[in-house]
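Working through the structure, step by step
Here are the chains, one letter per residue:
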Amino acid sequence: PDLVYTNDDNAQKYVATYYVDRDIPFVFSGVNADPRTYGFVGSKNITGVLEQEHFVETIHLLREIVPGVRKVAVIVDDDPTWGGVIDRMKQRLPADLPDIRVTHWDVIRTFREYQEKIKRYQTEVDALGLLGVHTFKDDKGRNVPWQEVLKWTTENSSLPDFSFWKDRVFYGTLCVVYVSGYQQGLTA
């Protein structure tokens with residue numbers, strides 16, 4: 001091909017990293033991890049854009065819907081792409097959201113652990129940031145689809161929740177200020 005377009009972190013991890021500094025040009029988008037993770041910095045053939053989640057804007061929207069939110073628990077699964085998202089959120093908190101306190105930055109691996117934490121958080125926090133909910137395993141080691149995770153959450157949690165991707169609201173997440181896939185592709 002004349003060009004390879006790769007979207008999201010898994011495409012970088014499993015495809016693009018094998019072509020760093022080769023002849024074929026690559027363009028990436030929707031990447032959450034630092035491009036250094038994939039060896040892209042300084043590469044002669046790979047360029048693209050990071051997916052910059054709208055954390056501050058999402059919290060502002062959440063507080064318009066549910067005034068008084070101050071304590072938040074942020075949940076991610078064990079996919080390594082979430083490290084970049086968490087780092088950016090932590091960097092923005094002090095200056096842009098000084099009255100928000102993230103009391104938990106949880107990396108969760110199983111659906112059972114997720115369920116237990118969500119139940120516990122009902123009395124500990126004001127809201128949930130449900131970011132990585134894709135790789136939870138059930139008791140038999142099988143993946144629980146993220147749609148089922150969100151459905152369970154809607155049925156078992158009274159806490160307002162947020163994320164950064166619009167498909168989440170179709171499965172019960174209260175609010176998002178989402179990253180546009182169209183804009184990501186156009187910018188890349």
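Before reading further, recall that the structure is shown in the block above.
Note that the coordinates shown come from a computational prediction; the quantities given were computed from them, not determined experimentally. (Residues numbered from 1 in each chain as written. Predicted model: local features only at pLDDT ≥ 70, side-chain atom pairs only at ≥ 80, totals over all residues. Heavy atoms only, no water.)

1. Brief notes about the side chain of Ser163
This is how it is decided: Runs of E in the DSSP output that reach at least two residues are strands. Runs of H or I that reach at least four are helices, and both are numbered from the N terminus. Three labels apply to residues, based on accessible area from a 1.4 Å probe with only protein chains included: buried if under 20% of the type maximum, exposed if over 50%, partly exposed otherwise in between. Think of a polar contact as two N or O atoms within 3.5 Å of one another; within protein, one of them needs to be a possible hydrogen donor and the other a possible acceptor, and neighboring residues in sequence only count if both atoms come from side chains. By the convention used here, residues are in contact when the closest approach between their heavy atoms is within 4.5 Å.
Here Ser163 is to be found in strand S7 (residues 161-163). Ser163 gets classed as buried once you look at its relative accessible area, which sits at 0%. At 3.1 Å, the side chain of Ser163 and the side chain of Arg168 are in polar contact. Setting aside its immediate chain neighbours within four residues, Ser163 contacts Thr58, Leu130, Leu131, Arg168, Thr173, Cys175, Val176 and Val177.

2. Side note on the pairing of strand S5 (residues 101-107)
Along a regular strand, successive side chains alternate from one face of the sheet to the other. Heads up, the rule is: A pair of strands is treated as paired once DSSP finds two or more bridges between them. Seen with its strands pointing away from the viewer, a crossover is right-handed when the path leading from the first strand over the helix to the second is clockwise.
Relative to S5, strand S4 (residues 71-76) runs parallel, the two being bridged by six bridges. Of the residues in S5, the one forming a bridge with Ile75 is Asp106. At this point the chain moves from S4, through helix H3 (residues 82-96), to the parallel S5, and the crossover so formed is right-handed.

3. Structural notes on the sheet that holds strand S2 (residues 26-31)
Convention followed: Note on definitions: angles span 0 to 180 degrees between N-to-C directions of axes, and those axes are lines fitted to C-alpha atoms, for helices only across the stretch in contact.
The strand order across the open sheet formed by three strands is S1-S2-S3, and the pairing between neighbours is parallel. Edge positions in the sheet fall to strand S1 (4-7) and strand S3 (46-50), since each has one partner strand and no second. When the angles between neighbouring strand axes are averaged without regard to direction, this sheet yields 15°. The sheet contact formed by S1 and S2 spans four bridges and is parallel. Across the sheet, the residue bridging to Tyr5 is Val27, located in S2.

4. Some words on helix H2 (residues 55-65)
Along an α-helix, residues three or four positions apart point the same way, because every turn accommodates 3.6 residues. Definition in use: Think of it as the arc spanned by the lines of direction from the helix axis to the C-beta atoms.
Looking only at H2, the buried set comprises Phe55, Val56, Thr58, Ile59, Leu62 and Arg63. Seen from one end, H2 has its buried residues packed into an arc of 160°, which puts them on one side. Of the surrounding elements, those touching the buried residues of H2 are H3, strand S6 (127-130), S7 and strand S8 (175-176).

5. Points about the packing of aromatic side chains
Short version of the rule: Here a pair means two rings of Phe, Tyr or Trp (six-membered ring of Trp) with centres within 6.5 Å. Their orientation is stacked below 30 degrees between planes, edge-to-face above 60, and tilted elsewhere. Whether a charge lies above a ring is judged from NZ of Lys or CZ of Arg, which has to be within 6 Å of the ring centre and within 35 degrees of the ring normal.
In the structure shown here, the tally under the stated rule is 12 aromatic pairs. Each ring, one from Phe111 and one from Trp152, has its centre 6.0 Å from the other, and the planes form 80°; the classification is edge-to-face. Of this pair, Phe111 sits in helix H4 (residues 111-121) while Trp152 sits in helix H5 (residues 146-156), and the two are 41 residues apart along the sequence. Comparing Phe111 with Trp152 shows no difference in burial state: the two are buried. Ring-pair connections join several aromatic residues into one group, and the members of that group are Phe55, Trp82, Phe162, Phe164 and Trp165. Lys90 extends its terminal NZ or CZ atom over the ring of Trp105, reaching a point 5.1 Å from the ring centre. Of note, Arg168 hangs over the ring of Trp146, and the distance from its end group to the ring centre comes to 5.9 Å.

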